[in-house]
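Structural overview for review
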Amino acid sequence: MTDDPDLVVANDLARTYGRGPTAVVAVHGASCRIRAGQQIALVGPSGSGKSTLLHLLAGIDTPTSGVIRWPGLGGFPARLPAGSVGLVFQGPSLLPDLDIAENVAFPLVLSGQPGSSARAAALATLDQLELGDLAAKVPGEISGGQAQRVAVARALVARPRLILADEPTGQLDHASAATVIALLISQARELNAGLLVTTHDPLVADQLETQWQMVDGRPTVGADAVAR
Amino acid sequence: MNAGAWLVGLLRRRPGRLAGSAAGVAVAVALLASIAAFLSGALATMTTAATRQVAVDWQVEAHRGVDPATVLAAVAGAPHVRAALPVDFGATTGLQATTGGTIQTTGSGVAVGVPGGYGAAFPGELRVLAGDAAGVLLAQQTAANLHAGPGDLVSIGRVGLETVSVRVDGVVDLPQADSLFQTVGAPPGSQASAPPDNVILLPAQQWHAIFDPLAASRPDLVQAQVHARLDHQLPRDPSAAFNQVSGAARNLEVALVGGATVGNNLAAALDGARGDSLYAQILFILLGLPGVVLAGLLTATVAATASDRRRREMALMRVRGATVRTMVGLAAAEAAAVALVGGTVGLGAAAIVGRTSFGSATFGASTASGAAWALASVLAGVAIAAWAIVVPARRDARYVTVAAARQPLGRRDRPRWMRGLLDLWLLGASGVIFWLTARAGYKIVLVPEGLPTLSVNYWALTGPLLFWAGCGLLAWRIADALFGPGRRLVAGAAQPVAGNLSGTIAASLSRQRRRLSRPVALVALTVAFAASTAVFNTTYHHQAGVDAVLTNGADVTVSYPGSVGAPGGIATSLAAVAGVRHVEPMAHRFAYVGADLQDLFGVRASTIVAGAKLQDAYFVGGSARRLAGQLARQPDGILVSAETVKDFQLNVGDQLRLRLRDAGTGQLTEVTFHYLGVAKEFPTAPRDSFLVANADYVAARTAGSTSPGTTGAAGGPGAAGGPGAAGVPSTPGATPGTSGGPGTSGTSGDNTFLLDTGSSSPVSVAERVRAQVGAAAVVTDLVTSRRQVGSSLTAVDLSGLTRVELGFALLLAVAATGLVLGLGLNERRRSFAIARALGARPRQVAAFVRVEAGIITVLGLVLGAMAGWGLAQMLVKILTGVFDPAPSGLTVPWGYLVGMAVLAGVAAAAAAEVVVRATRRPVVETIRDL
Ligand SMILES: Nc1ncnc2c1ncn2[C@@H]1O[C@H](COP(=O)(O)OP(=O)(O)OP(=O)(O)O)[C@@H](O)[C@H]1O
Ligand SMILES: [Mg+2]
């Protein structure tokens, strides 16, 4: 266990939206760590702060208070190397003016890969998700579920060390949901990556080895991993 | 949904879109109102300028056998007439004076009888140079010919009667001699007769005592006129003023039942002004309207930046049960708010512009027209807002389906105009119209035969407008092709900024090309408008300067009136005056071409081009330098007017025989020349017809023998057939008898000297020259004459309009690049935020923004500059009529153009930076907000 480095360590994080009487405390007193190879389901009622925590862990949002570090990703404090975190958003997040292949290749291009090799890698990933047919379409031309799977492909294409997926199966039927989760799990294992998936679906949650419960803005059950 | 709540919501969510639309409307309203203010002011200025230069408004000529008293009573009683005085003309066979022991005689002339108070009633007609303003007055030229002045006796010759002697009281200048001695009732456009060389003015009583006997024996040699001054309470528009004055004159003629003819000098002056006023209106159409159209396009583009989002919003509203009517109603509320704010701001801006540029804060000549213009401008603003906001909303509300609304790229198919090749059709049509206009000699303001009204060939004006529109659409097509099929080029261009991202950026731009091509077209249209306006205006100002140079001849011009002649060595002493860089001597005299008397300029072919700063546009059939070279090689070469070429069917090399007065004998002798080319303009030369030849050749051929030539009166008695006909001089003014040769030591008879003052002030150099030459010569300078000469259009001075137009053009260019780019990029903040979330560095996101902004700006500027160049060529050609003289090429205001390009670039860069900065906002919030 100790050979697996901590990918991300969060200590007493809080994230408050707005100020004064209308302020919303989305995350509060959250402490957790994710190690390489660890696979976690983050469950909790709607509005409990799952997405907010995930964004904080991804480094695309800054905590109102608390400390967060990414020791295993070499990023400190929040300047993570491009492609080291694979992120799936809860809502639609494909770039509308790029076709599907270009969307999937985008993280690779951002990390400095030449366009042709990035495209080849993207097509390979799409095939793995059985999305090869969509490569030349634009996001406006595919369904919501297809878009979600493309987003998963995009999160995996750069072979990330940490995979953070926000409701990746929210719009999928059970069969496709199972495929997507299985793929996330197998890829995470292959890459020895840390995996965190938020979900409402107990079936999905059960497939992951660890479950965290969001209560009162903090992950409680299984949060044994809290930084000491 | 409540429209108010909708607006408040819109204001909170889309303040940029609302403010941008309102700003576009404000620019349109302000531009329209400012130009209207200028125009109505300009028309009024033209009317006043035209009427001010007229000394005698009407010269009513009584027909033979009609009692002049009846005519006088009728004129005095006519409406608008303020003063009416009788004036009589009588032909004299010649005048003679004995001064200093010598006798001087002139040829035939005219004696004018004027009543007391004439000078006061018509202040512009007489200018006293010496002696009294009343009594017997000699015209300046006549006084010079006779060597006579106040106190001298002059005898007046009469056909068939003995001469009468009168004592001279004063010497006067007759600045308006041309109209004073006009042939009243001659059809307009007929060859104007030169005024008589010899004129003496007598008090009415004295004239009657001397000429009533002549009237009894030869009634054809006297003529009675009534001169009238009108109240000048005229409409401000020159055309309306012309109509009123012509109508009044016709009424008078009718009232006199054919007993008299009105020589309508006032109408003639207004006639010129109304042509100019039409040109002013054309300038308004060609230079102002595109600006208003641009402001409208800008508004529409700003309003359309959020069209994808609006379509999605509408689709949602549809789902929730909103009717098309509700949605259009909401758009109308938005348009009304935009029009209200834009209209108010625009009128306020126009008032400020009017105050600072035209010295008036009102938009019209009168309160009523001011209000009308203000209202019209605001209505234009309302129309723009409606067209930019309601029309697309209506279309979307009708046709947008939920599925299409989800499609964020908008419609993918090529616009209908592109498929129908509308841009090429427009350019083709413009080319055809331009060709037709060129073939018709660029006649924009038409003077229909026999009609009292002028008309504008509006058809011809559509040429440049269609060209402009066609270029805009073509720019659109080019941009579309570049972003689409040409995306490799885009990727290549993006490489330095974007590195390995360039392919992705090019792909992204290619899918957005419908959205991106439009700003390119807009920037191109704006730049074309601004550039062509600037080039046109600069060329116009340059030519106005050239006009003054032509009229004055040079920075400073020294001319010795014919009979006096220039003293020897004058050129050398002029060159010694401080500030004089070069002295170019010319010999100005007259020559008969057939029966036609023309000015002849004897020049030094080797120095004239540089010395007189001759432009190629002055000549036809070769450049100035080439024709001067031919003149130098061919001593008997001559340049003539186009009219002469036509009249005599000349071909280059043809022989041309002119009659010139011999310096020695004073007799007309025939001199042979060879036709080399056509001169349209020449320094100090009159507009219509003149000749240019080698000074030495002319001097050698007219040096004559050794005849002393004391009397050169060639005009026989009775040669004049009345005052009108007496205007045809039988003694060309250059060398009247007494002068006995040029009277100069200058071998070529030089009497006109063009002084180049370099960087010194022409006014102060003229001052020093005047002190040097004394009263013997007339010294004029460029600065002073620039103020005096010129058509009423130049009198108006376009500089105010130019400043306003160029200011607006600049504003539009900056807005087109900055605002449109900024808003367009702003719409894609969400995409940029997602890219950031996926690990894009700020530099990488900035590359997206900068490549897009850079390509749109550079493409727009380049295509716009090309279109502007073509447009300026076309405008200058089509509006040849406003140029006097026609320019040999465009004068390019590089400073302004470069400044505009830089400003547009800065605006684009600033807009891009604002967006880049916005992409640094916390990513999650941006993604959620949008
Ligand atoms: N940008 C924001 N501004 C204000 N409040 C926000 C913002 N984002 C989230 N919130 C609030 O913070 C709380 C947590 O939101 P979050 O999206 O993290 O919940 P969640 O657990 O992901 O819910 P769900 O399961 O529905 O996705 C909610 O009450 C939400 O309203
Ligand atoms: Mg969530």
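Just so it is clear, the structure is predicted and the values come from calculations on it, not from any experiment.

Right, let's talk about the overall build of chain B for a bit. For chain B, the count of helices and strands is 32 helices and 25 strands. Each of the 930 residues in chain B was classed as buried or not, and the buried ones make up 54%. Of the contacts formed within chain B by residues at least 6 apart in sequence, a portion of 81% connects residues at least 24 apart. Approximately 37600 Å² of chain B is accessible, and the part contributed by carbon and sulfur atoms is 60%.

Okay, the interface of chain B and chain A next. On the chain A side, the residues contacting the 30 residues of chain B number 33 residues. Between chain B and chain A, the buried area comes to about 2600 Å², and carbon and sulfur atoms account for 56% of it. Note that R828(B) and D97(A) form a salt bridge whose closest N and O atoms lie 3.2 Å from each other. When contributions to the side of chain B that touches chain A are tallied by element, the ones reaching two or more residues are α18 (502-511), α29 (829-837), α30 (842-878) and α32 (923-929) of chain B. If one sorts the elements of the side of chain B that touches chain A by residue count, α29(B) sits on top with 6 residues. Class assignment of the residues belonging to the side of chain B that touches chain A gives a composition of 13 nonpolar, 7 polar and 10 charged.

Residues and elements named next belong to chain A. Looking at the metal site, the magnesium ion (ligand 2) is ligated by S51 (OG) and Q90 (OE1), spaced 1.9 to 2.2 Å from it. Placement of S51 in helix α1 (residues 50-58) and of Q90 in the loop between β5 (85-88) and α2 (100-110) is noted, with a sequence separation of 39 residues between them. Residue S51 is classed as buried on the basis of its relative accessible area, which comes to 13%. Of the residues examined, Q90 reaches a relative accessible area of 39% and is grouped as partly exposed.

What follows covers a nonpolar patch on the surface. Residue and element names in this part refer to chain B. Together, V892, W894, V898, V902, L903 and V906 give the surface a local cluster of nonpolar side chains, amounting to about 540 Å² of exposed area. Of note, L903 is situated in helix α31 (residues 894-918). On the basis of relative accessible area, L903 is assigned to the partly exposed category, the value being 38%.

Residue and element names in this part refer to chain A. Overall, antiparallel pairing links the 3 strands, which are arranged β2-β1-β4 in an open sheet. Single-partner strands in this sheet number two, and they are β2 (24-35) and β4 (65-69). The sheet shows a mean angle of 15° between the axes of neighbouring strands, taken without regard to direction.

Mapped onto the elements of the fold, A918(B) is located in helix α31. Measuring from C-alpha to C-alpha, the distance between A918(B) and G117(B) comes to 81 Å, with 801 residues separating the pair along the chain.

In this section: the side chain of E852(B). The residue E852(B) is located in helix α30 in this model. Within polar-contact distance, the side chain of E852(B) engages the side chain of R515(B) at 3.3 Å.

Burial analysis of α2(A) places 11 of its 11 residues in the buried class, which makes it a mostly covered element. In this structure, the buried residues of α2(A) make contact with α3 (115-128) and α4 (144-157) of chain A together with α17 (487-498), α18, α29 and α30 of chain B. Sitting at the head of α2(A), D99(A) places a side-chain oxygen 3.2 Å from the backbone nitrogen of A101(A).

We now examine the sheet that holds strand β6 (residues 127-131) of chain B. All names here are of chain B. Strands sit in the order β6-β10-β7-β11-β5-β2-β12-β1-β13 across an open sheet of 9 strands; the sheet is mixed. Taken across any chain shown, the strands that pair with only one partner, and hence form the sheet edges, are β6 and β13 (260-264). Strand-to-strand, the axes of this sheet are offset by a mean angle of 25°, without reference to chain direction. Across 4 bridges, strand β1 (residues 58-62) lies against strand β12 (residues 222-230) in antiparallel orientation. Residue Q59 lies in a different strand from β12, and its bridge partner there is H227. Taken strand by strand, helix α3 (residues 68-77) contacts β1, β2 (81-92), β12 and β13, and its axis lies near 150° from that of β2. In the packing of helix α9 (residues 265-304) onto the sheet, the strands contacted are β1, β12 and β13, and the crossing angle to β13 comes to about 40°.

Bringing the pattern of salt bridges into the picture now. If you walk through the whole model with that rule in mind, you get 21 salt bridges over all chains. R511(B) serves as the salt-bridge partner of D99(A), at 3.4 Å between the closest nitrogen and oxygen. Of the two residues, D99(A) sits in the loop between β5 and α2 while R511(B) sits in helix α18, which places them in two different chains. For R511(B), a relative accessible area of 16% translates into the label buried. Where salt bridges share partners, they join D97(A), R515(B), R828(B) and E852(B) into one cluster.

Before going further, it helps to spend a moment on the nonpolar core. Core analysis: the largest hydrophobic core is formed by 91 residues, its most contacted members being F536(B), L879(B) and Y896(B). If one sorts the elements of this core by residue count, helix α2 (residues 15-52) of chain B sits on top with 16 residues. Residues within four places of F536(B) in sequence aside, it is in contact with L283(B), L287(B), L875(B), V876(B), L879(B), V882(B) and F883(B). By size, the runner-up hydrophobic cluster in this structure holds 86 residues, among which are V104(A), L110(A), L126(A) and A205(A).

Turning our attention to the packing of α30(B) against α31(B). Residues and elements named next belong to chain B. At a closest axis distance of 9 Å, the pairing of α30 and α31 adopts a crossing angle of 160°. Classified by the interaxial angle, the pair formed by α30 and α31 is roughly antiparallel. In terms of crossing hand, the pair formed by α30 and α31 is right-handed. Of the residues in α31, those touching α30 at A846, V849, R850, A853, T857 and L861 are A901, A904, G905, A908, A912, E913, V915 and V916. Counted by class, the contact of α30 with α31 contains 10 nonpolar, 2 polar and 2 charged residues.

Along the chain, L11(B) turns up in helix α1 (residues 3-13). Residue class for L11(B) comes out exposed when judged on its relative accessible area of 51%.

For chain A, the mean per-residue pLDDT works out to 86, and 93% of the residues sit at or above 70. Segment residues 223-228 of chain A: pLDDT under 50, and 11 contacts once partners within four positions in sequence are set aside and those in other chains are kept.

Residue and element names in this part refer to chain B. By the element assignment, D88 lies in strand β2. R64 provides the closest opposite charge to the buried, unpaired D88, separated from it by 12 Å. A distance of 3.3 Å separates the side chain of D88 from the side chain of H208, its partner in a polar contact. The contacts of D88, once residues within four sequence positions are left out, are A111, V112, G113, W207, H208, Q223 and A224.

The rules we used
The numbering scheme is per chain: residues are counted from 1 as the chain's sequence reads. Throughout, the order in which chains and ligands are written sets their labels, letters from A for the former and numbers from 1 for the latter. Two thresholds apply to this predicted model, a pLDDT of at least 70 for residue-level local features and 80 or more for giving and counting side-chain atom pairs, whereas whole-chain, interface and lining totals are computed over all residues. As a rule here, side-chain values cover all heavy atoms of the structure and leave hydrogens and water aside. Only runs of H or I of at least four residues qualify as helices and only runs of E of at least two qualify as strands under DSSP, and these elements are numbered from the N terminus. The cut-offs for exposure are 20% and 50% of the maximum accessible area for each residue type, with area from a 1.4 Å probe on protein chains only; residues under the lower value are buried, those over the upper are exposed, and the others partly exposed. For this analysis, residues touch if any pair of their heavy atoms sits within 4.5 Å. The accessible surface values rely on the Shrake-Rupley method and a 1.4 Å probe; as for residues, cover is taken only from the protein chains in view. What gets called buried area is simply the loss in accessible area from a 1.4 Å probe that two parts show on being joined, summed for both. Salt bridges, as used here, are contacts in which a Lys or Arg side-chain nitrogen is within 4 Å of a carboxyl oxygen on Asp or Glu. Residue type decides the class: Asp, Glu, Lys and Arg count as charged, Ala, Val, Leu, Ile, Met, Phe, Trp, Tyr, Cys and Pro as nonpolar, and the leftover types, Gly among them, as polar. Ligating atoms shown are N, O and S within 2.8 Å of the metal, or 3.2 Å for Na, K and Ca, and water is not included, meaning a site may look less than complete. Each patch is built from residues that are more than 30% exposed by relative accessible area and take part in no salt bridge. Like charges join if they lie within 9 Å; nonpolar side chains (Val, Leu, Ile, Met, Phe, Trp, Tyr) join within 5 Å. Pairing between two strands is assigned when DSSP locates at least 2 bridges connecting them. Where helices are involved, their axes are fitted lines through C-alpha atoms of the stretch in contact, as for all axes, and angles between N-to-C directions lie from 0 to 180°. Counted as a polar contact is a pair of N or O atoms within 3.5 Å, where, for protein atoms, one must be capable of donating a hydrogen and the other of accepting one, and residues adjacent in sequence contribute only when both atoms are in side chains. To qualify as a nonpolar core, a set must consist of buried Ala, Val, Leu, Ile, Met, Phe, Trp, Tyr and Cys residues joined through side-chain atoms within 4.5 Å. When an angle is under 35 degrees it counts as roughly parallel; over 145 it counts as roughly antiparallel; between 65 and 115 it counts as roughly perpendicular; any other value is oblique. Take the far helix as the reference: if the near one is turned anticlockwise from it by less than a right angle, the crossing is left-handed, and if turned clockwise, right-handed. pLDDT gives the predictor's per-residue confidence on a scale running from 0 to 100. A positive count includes Lys and Arg, and a negative count includes Asp and Glu. His and the chain ends are not counted in either.

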